[in-house]
Amino acid sequence: MQTFFLAPTRQNVGLTSVALGVVRALQRQGLRVGFAKPVTQDDTATERSVHFAREICQVSAPNALTTAQVVARISAGQIDELLEDIVSLCMGAAENVDVLVIEGLHTDPSFSFTTRLNADIARSLQAKMVLVASAQDAGVTGEVKLTASQFRAAGCKVAGTIFNKVAADFDATAAAAALDKLPLWGVIRNNPALLAPRTLDVARHLNADVVVEGEIAQRRVLETVVAARSAAEMINRLNPCALVVSAGDRDDVMLATALAASRGVQLAGLLLTHDSGIDPRIMELSAKALDNGLPILRVKGDTFSTAAAISRISPAVAADDTERMGQVLDSVAEALNAEALLASVKMPSSTRMSPPAFRYQLIQKARSANKRIVLPEGDEPRTIKAAVICEEKGIARCVLLGKPDAIKAVAAAQGVTLPDSLEILDPDSIREQYVPPMVELRKSKGLTEGQARDQLQDTVVLGTMMLAQNDVDGLVSGAVHTTASTVRPALQLIKTAPGNSIVSSVFFMLMPDQVLVYGDCAINPDPNAQELAEIALQSAASAQAFGIDPKVAMISYSTGTSGQGADVEKVKEATAIAKEKAPELALDGPLQYDAASVADVARSKAPNSQVAGQATVFVFPDLNTGNTTYKAVQRSANVVSVGPMLQGLRKPVNDLSRGALVDDIVFTIALTAIQADAPAK
């Protein structure tokens, strides 16, 4: 096991974000990573580093010692006893892991011992030090070299350095050269969007009254707009993520804010000062416009002092803002140099497919595939955001189907900047070219040109025809369409792949310590034995394609020969068919879910099974069982599920849940790109 100790070169370097980002980056490599923050310097009841390590990284981080406990030990001259406690705490976090990441003490002028204690802890744990520096100011390389020499003089080994908060014009190549032989682990660019607090955080900071809650926990504040001039002078600042600060008697400001909200501009909120309220007549006139999630707050102070107080809000991420912290950690992990990290890590002989590793490999494989994916719901807000992310990160070349002006208006209202390279296609400009090939594809059904033209008014049908004609590599839909609306055109125009008689689906279930595959939870209501066997083979192939060793459990309400009934017999027959078609595949059934997943139960119920207790692919006997199980696991265990991913089609088409989040759409696009890159069978 390797131990890395992250220490700051000075105050306010963003140590917590970087330390947990290193955890995330190592997890993406399939490593089992432990985390410890030996000493808390957090004034809140919940130590944020430990909290986020548990909540986001799914690491069992131990509770930290308090600063008061440390000060008492040092004052009493009990340094050795203190170090023993810290080493014991860290060793508890090191059980059954490949790498242990330790977040050192933040530099604090109130406590002169922090730098020395960091060195003592790192040396006691025989940890390699990683220095974290803020590159906002000049002379950062000199600062790093000086800090490294001080720690080396104290007997510590320094493995590398990470530059955080880096400006756009920072010359990383020159900085790396200036560090001499000290490896540069990563350069993390400054991103103002990741510093944006929620409107809820501002309300807490100001102790404001919440007049209208709206989307107070979702909206974020990137800019504070103080209404000191007329409404006409401030209109150009009524942008997404703007918090409007005004006294309630400024009727012109209230109306301008309402109009902006009515146009779909996602303002962060409206903050009323002087303990004032909006005139009831203005409120009545603007009720519909303001009823779109806009939070409205009220404080007693004046406008100037309120704006000044907002500027002093802490940049630290609130303990309950896991969305923002997750984005921060992903940003840090992506900026780190994986080769530099792994050069300092002795890799274990085998690694598991952990959820972070699965997500990372998913994005990397999609980037390598470089596929063109059509999104028929081109003016849907979540879809637009997902397309922008995919374009900016190189995950796929997305094509938004829709009216360009409408798409641009929706993007502007969401505060989303559309990259010039993002492709937008007006359906009216391309529809006619797909009429003849669609008639040809459906001639056996007697489709006429007029009927084809009418059906192509549906952008899902149009996108499916683009896929059928090889103009795109895959299709993702379902944010506003039903599953049937997405799948039916695919079955009619794309059809099943050779050797497949049905289309089925799988979900990738991102459990705390591994990724499981569930099939079929979305398409086939009650497959017969032959179809169930085909679903098992399709699901095993999907698992294999995404780096998961397929061990297939055919799920039933009984294990082996313990039960009887038509449903059990169907699973038995399906198991026999699948084994005959793929004798080399690790597959067994019927198995109850606990026998398939829990080793102790497997030893009792199916001692001779090569699958029981270690299944990675779960094939359910019908849609009722599969869909119920996946939703129960997802919601009860707070598990992320990626999918459904459709199997068995000639070309990849994937359906979204209508409640899909932006990240869900991004991962589904990545899945589709990888499917499109798979060799034809």
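Just so we're clear, the structure is a prediction, and the values are computed from it rather than from any experiment.

Draft legend 1. Fine view of the overall build of the protein chain. Scanning the protein chain for helices and strands turns up 29 helices and 22 strands. Here the C-alpha atoms of the protein chain give a radius of gyration of 28 Å, agreeing with the 26 Å that 2.2 N^0.38 yields for 681 residues. A principal-axis box enclosing the C-alpha atoms of the protein chain has dimensions of 80 × 70 × 50 Å. Long-range contacts, defined as pairs at least 24 residues apart, comprise 73% of the intrachain contacts of the protein chain with a sequence gap of at least 6. For the protein chain, the exposed area adds up to about 29,900 Å²; of that, 49% sits on carbon and sulfur atoms.

Draft legend 2. Structural detail: the pattern of salt bridges. The final tally for this structure, using the stated rule, is 36 salt bridges. Of the charged contacts, one joins Glu 143 and Arg 10 as a salt bridge, the two residues approaching to 2.9 Å between their closest N and O atoms. Of this pair, Glu 143 sits in helix 6 (residues 140–153) while Arg 10 sits in the loop between strand 1 (2–8) and helix 1 (15–28), and the two are 133 residues apart along the sequence. On the basis of relative accessibility, which here comes to 25%, the residue Arg 10 falls in the partly exposed class. Each of Arg 198, Asp 201, Arg 204, Arg 220, Asp 320, Asp 321 and Glu 323 takes part in a single network of salt bridges with overlapping partners.

Draft legend 3. A look at helix 18 (residues 404–413). Looking only at helix 18, the buried set comprises Ile 407, Ala 411 and Ala 413. With its buried residues spanning 165° around the axis, helix 18 presents them on a single face. Looking at the buried residues of helix 18, the elements they touch are helix 17 (381–393), strand 13 (397–401) and strand 14 (423–425). Note on helix 18: the residue one or two positions beyond its end, Gly 415, has a positive phi of about 75°.

Draft legend 4. Molecular detail of the packing of aromatic side chains. This model, assessed by the stated rule, comprises 11 aromatic pairs. Each ring, one from Phe 4 and one from Trp 185, has its centre 5.2 Å from the other, and the planes form 85°; the classification is edge-to-face. Placement of the pair is Phe 4 in strand 1 and Trp 185 in strand 6 (residues 184–189), with a sequence separation of 181 residues. With a centroid separation of 4.7 Å and an interplanar angle of 20°, the aromatic rings of Tyr 593 and Phe 618 are classed as stacked. You can see Tyr 593 sitting in helix 26 (residues 593–597) and its partner Phe 618 sitting in strand 20 (residues 617–619), a full 25 residues away along the chain.

Draft legend 5. Region of the structure containing the UniProt feature "domain: DRTGG" (unreviewed entry) in the protein chain. Annotation from UniProt places "domain: DRTGG" (unreviewed entry) at residues 201–312. With 37% helix and 20% strand, the stretch residues 201–312 has end C-alpha atoms that lie 12 Å from each other.

Draft legend 6. Highlighting the sheet that holds strand 16 (residues 504–510). Sheet architecture is open: 6 strands sit in the order 19-18-20-17-16-21, paired in mixed fashion. Whereas interior strands pair on both sides, the edge strands pair on one side only; in this sheet they are strand 19 (586–591) and strand 21 (640–647). Recorded for the sheet is a direction-independent mean angle of 20° between the axes of neighbouring strands. Summarising the sheet, strand 16 and strand 21 pair through 6 bridges and their orientation is antiparallel.

Draft legend 7. Geometry of the pairing of strand 15 (residues 474–477). Alternating positions in strand 15 separate into two faces, Gly 474 and Val 476 on one and Leu 475 and Ser 477 on the other, with burial throughout. Note that strand 12 (residues 372–375) and strand 15 share 2 bridges and pair parallel. Counterpart to Val 374 in the pairing with strand 15 is Leu 475. Inspection of the sheet shows strand 15 paired to strand 22 (residues 653–655) by 3 bridges, in the parallel sense. Looking at the pairing, Ser 477 lines up with Asp 655 of strand 22.

Draft legend 8. A look at the side chain of Thr 486. Inspection of the secondary structure puts Thr 486 in helix 23 (residues 483–493). The contacts of Thr 486, once residues within four sequence positions are left out, are Val 460, Leu 475, Ser 477, Gly 478, His 481, Val 653, Asn 654 and Asp 655.

Draft legend 9. Main features of the UniProt feature "domain: Phosphate acetyl/butaryl transferase" (unreviewed entry) in the protein chain. Per the UniProt record, "domain: Phosphate acetyl/butaryl transferase" (unreviewed entry) is annotated on residues 358–673. For the annotated span residues 358–673, helix accounts for 46% and strand for 17% of the residues, and the straight-line distance between the end C-alpha atoms is 15 Å.

Draft legend 10. Just the sheet that holds strand 12, in detail. One open sheet holds the 5 strands; their spatial order is 14-13-12-15-22, and the pairing between them is parallel. Two strands bound the open sheet, and with one partner strand each, they are strand 14 and strand 22. Going from strand to strand, the sheet's axes swing by 25° on average, the running direction of each strand aside. Pairing of strand 12 with strand 13, which is carried by 4 bridges, proceeds in the parallel orientation. By the bridge assignment for strand 13, Ile 373 is matched with Cys 398. Each of strand 12 and strand 13 is contacted by helix 17, which is oriented at about 155° to strand 13, the strand it contacts most.

Draft legend 11. Expanded view of the environment of Leu 585. Mapping Leu 585 onto the fold places it in the loop between helix 25 (566–581) and strand 19. Placed 48 residues apart in sequence, Leu 585 and Leu 537 show a C-alpha to C-alpha distance of 8.8 Å. If sequence neighbours within four positions are ignored, Leu 585 has contacts with Leu 537, Ala 540, Pro 550 and Val 552.

Here is what the cut-offs are and how they apply
- Residues numbered from 1 in each chain as written.
- Predicted model: local features only at pLDDT ≥ 70, side-chain atom pairs only at ≥ 80, totals over all residues.
- Heavy atoms only, no water.
- Helix = DSSP H or I, 4+ residues; strand = E, 2+ residues; numbered from the N terminus.
- Rg over C-alpha atoms; globule rule 2.2 N^0.38 Å.
- Contact = heavy atoms within 4.5 Å.
- Areas by Shrake-Rupley, 256 points an atom, 1.4 Å probe, with all protein chains shown as cover.
- Salt bridge = Lys/Arg side-chain N within 4 Å of Asp/Glu carboxyl O.
- Buried < 20%, exposed > 50% of the residue type's maximum accessible area, 1.4 Å probe, protein only.
- Arc of directions from axis to C-beta.
- Phe/Tyr/Trp six-rings, centres within 6.5 Å; stacked < 30°, edge-to-face > 60°.
- UniProt positions renumbered as here; feature names shortened; annotations may be inferred.
- Pairing = 2+ DSSP bridges.
- Axes fitted to C-alpha atoms, helices over the stretch in contact; angles between N-to-C directions.

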